[in-house]
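Chain by chain, the residues:
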Amino acid sequence: MPSKLPLNVVFFGTDEFSIPILHKLASCAQRIHMVSAGGKRPRGRDPISLPAAATEAKRIGIECIVLKKGWDGFQLKPDDHLAVSASFGRFIPESILGQLVHGGINIHPSFLPKYRGASPIYSTILHDDTEAGVTIQRMDTTEFDRGRALAQGILPLHGDEHYNDLRDKLAKGASSMLNSVLQQSLYKRSNSRPDLEPTVYGTLTDLGKYQQSESAFPIPTASWARKISPESARIIWESMTSRQIYNITRAFEHAWTLINDKKIFLYNLMPLQQWLNQSKADVSNDNCDWNQMQPGQFTLFKKKFFIIKTLDSAIVVVGGVQRQSGSFVSALEWVRTYNSGKGGTFITDL
């Protein structure tokens, strides 16, 4: 087993993305302690649950504090060397970073400057990108996601990744990249010419390996990953293709629409042709001509599956349906019983 680096790290992480990075630091730094931000709001008198990364730190015996209000209760240890953050959720001020001999590095799940901001993985899926990325950068003392890149990696996508799957692939790749940054001492701060600090590039694999390249990659256009809200999962029937709707469900595991002035959630949606290829269903003799339907109109197709017309084709509801205040119902049960199985029309706006 390789010896640990003579490095004392304070790690800032909150959600599931940060867990593989926590494990990597625990395995290669001589000492690590951790900070998480917040937790899930309780219902009634239930206690506040710990963030995922804090729960994992507790499980493996890593010292961790959870910030509840600002930076109350947090202090660096006198001999801390480096701050590492990954999906932390708060800006780390210069008053903290300035105390560390090597400052801080941040791990961001995009190929910066593309998708700066809080929702890069969602944005990657919603924009149907063919590649995702990870950037390890020096923390900027004034803005999020503006520091100099120390390492960058690109992950080719298959086009069917859901959020949790892609998050976990990027987190594993990020931990492998972090190992390269630490082993090559790229984290060490240069006081003379920080603008000349090297950046390493490479590709990531589905299994989380980082294969370093000998040459730099083209830098993408800067963009911002807009804030995610419940509105992000709404279907606009008049303008969205089947693929765009599929991407919404890949990102959020559901999409929502309206019927009878009520919100309804649809789960596990798949473009019709993709579903036909996967299920090998024969629809050649079906009497239903879905091409003549209007976007948002739905029916029980071939008495076997629930389809909804989209802008360009149709989409199949494979999973189920749930009203905003109701229980989950399988797709076939819902479409067979709604309006006596005669179909209907979802709408975009009230």
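Report follows, based on the coordinates. Not measured: the values here are computed from a predicted model.

Focus on the packing of aromatic side chains
Reasoning step 1: Counted by the stated rule, this structure contains 21 aromatic pairs.
Reasoning step 2: Between Tyr122 and Tyr163 the ring centres are 4.3 Å apart and the planes differ by 15°, which places this aromatic pair in the stacked class. On the criterion of sequence distance, the pair formed by Tyr122 in helix α4 (residues 120-126) and Tyr163 in helix α5 (residues 163-183) is long-range, its members being 41 residues apart.
Reasoning step 3: Tyr122 gets classed as partly exposed once you look at its relative accessible area, which sits at 22%.
Reasoning step 4: Ring pairs connect the aromatic residues Trp237, Phe298, Phe306, Trp334, Tyr338 and Phe346, which therefore count as one cluster.

Describing the pairing of strand β11 (residues 262-271)
Reasoning step 1: Alignment of strand β10 (residues 255-259) against β11, held across five bridges, turns out to be antiparallel. Bridge pairing in β11 links Ala255 to Leu266.
Reasoning step 2: In this antiparallel pair of consecutive strands, β10 and β11, the connection spans two residues, and Asn260 shows a positive phi of 55°.
Reasoning step 3: As paired elements, β11 and strand β14 (residues 314-323) share seven bridges and run antiparallel to each other. Directly across from Leu269, in β14, lies its bridge partner Val317.

Some thoughts on the sheet that holds strand β2 (residues 29-37)
Reasoning step 1: Strand order across the open sheet formed by nine strands is β3-β2-β1-β4-β5-β6-β7-β8-β9, with mixed pairing between neighbours. Of all strands in the sheet, those with a lone pairing partner are β3 (64-67) and β9 (210-212), marking the two edges. Direction aside, the axes of adjacent strands within the sheet are offset by 20° on average.
Reasoning step 2: Two strands pair when backbone bridges link them, and strand β4 (residues 82-86) and strand β5 (residues 104-108) are joined in this way by four bridges, in the parallel orientation. If you follow Ser85 over to β5, its bridge partner there is Asn106.
Reasoning step 3: Together, β1 (5-13), β2 and β3 form the strand contacts of helix α2 (residues 52-60), whose direction differs from that of β2 by roughly 140°.

Here's the deal with α5
Reasoning step 1: Taking 1.5 Å per residue as the helical rise, α5 with its 21 residues ought to reach 30 Å, and the 30 Å between its terminal C-alpha atoms agrees with that figure.
Reasoning step 2: Judged by how many residues are buried, α5 sits mostly within the fold: 15 of 21 residues are covered.
Reasoning step 3: Count one or two residues on from α5 and you reach Ser185, which has phi positive near 60°.

Description of the layout of surface pockets
Reasoning step 1: Its boundaries defined by the atoms lining it, the largest pocket holds a volume of some 1,000 Å³.
Reasoning step 2: Lining the largest pocket we find 37 residues, and of these Asp15, Ser87, Phe88, Gly89 and Ala118 sit closest to its centre.
Reasoning step 3: Sorting the residues of the lining of the largest pocket by element identifies β4, β5, α4, β6 (131-138) and α5 as the ones contributing at least two each.
Reasoning step 4: By residue class, the composition of the lining of the largest pocket is 17 nonpolar, ten polar and ten charged.

The rules behind the values
Residues numbered from 1 in each chain as written. Predicted model: local features only at pLDDT ≥ 70, side-chain atom pairs only at ≥ 80, totals over all residues. Heavy atoms only, no water. Phe/Tyr/Trp six-rings, centres within 6.5 Å; stacked < 30°, edge-to-face > 60°. Helix = DSSP H or I, 4+ residues; strand = E, 2+ residues; numbered from the N terminus. Buried < 20%, exposed > 50% of the residue type's maximum accessible area, 1.4 Å probe, protein only. Pairing = 2+ DSSP bridges. Axes fitted to C-alpha atoms, helices over the stretch in contact; angles between N-to-C directions. Contact = heavy atoms within 4.5 Å. Expected span 1.5 Å × (residues − 1). 1 Å grid on protein atoms, 1.4 Å probe; cavity = no way out; pocket = protein on both sides within 12 Å on 5 of 7 lines; lining within 4 Å. Points joined across faces, edges and corners; volume = space filled by probe spheres on them. Nonpolar A, V, L, I, M, F, W, Y, C, P; charged D, E, K, R; others polar.

In short, shape yes, function no, at least from these values alone.
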